[in-house]
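Residues per chain are reported as follows:
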Amino acid sequence: MAKVTKDMTISEVLRKDVDNGIATILRRAGMNCVGCPSAASETLEQASTGHGMDINVLLDEINLFLETAQA
């Protein structure tokens, strides 16, 4: 399984989405990056920093979701 990394752009992360689960995680965290024009160039780490979030917590949640969704 390919994991999401902090260096991936928001657009790349959303391309891995399953049933809008990642989009829901981002929205729940206050990151409305799903429709943001910056999603094409801003990395997940940049977005999480801009929103005052811990990137590692966010990555863990997204990757855990992907593991369970693909199981």
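Computed from a predicted model, the values in this text were never measured in an experiment.

1. What to know about the overall build of the protein chain
Of the regular secondary structure elements, the protein chain holds four helices and zero strands. Helices and strands in the protein chain line up, N terminus first, as α-α-α-α. Over its C-alpha trace the protein chain gives a radius of gyration of 11 Å, about what one expects of a compact globule, namely 11 Å for 71 residues. Expressed as lengths along the three principal axes of its C-alpha atoms, the size of the protein chain is roughly 30 × 20 × 20 Å. When burial is assessed residue by residue, the protein chain has 35% of its 71 residues classed as buried. Contacts spanning at least 24 positions in sequence make up 63% of the contacts within the protein chain whose residues lie at least 6 apart. Taken as a whole, the protein chain presents about 4100 Å² of accessible surface, with 48% of it coming from carbon and sulfur.

Rules and cut-offs
Residues numbered from 1 in each chain as written. Predicted model: local features only at pLDDT ≥ 70, side-chain atom pairs only at ≥ 80, totals over all residues. Heavy atoms only, no water. Helix = DSSP H or I, 4+ residues; strand = E, 2+ residues; numbered from the N terminus. Rg over C-alpha atoms; globule rule 2.2 N^0.38 Å. Buried < 20%, exposed > 50% of the residue type's maximum accessible area, 1.4 Å probe, protein only. Contact = heavy atoms within 4.5 Å. Areas by Shrake-Rupley, 256 points an atom, 1.4 Å probe, with all protein chains shown as cover.

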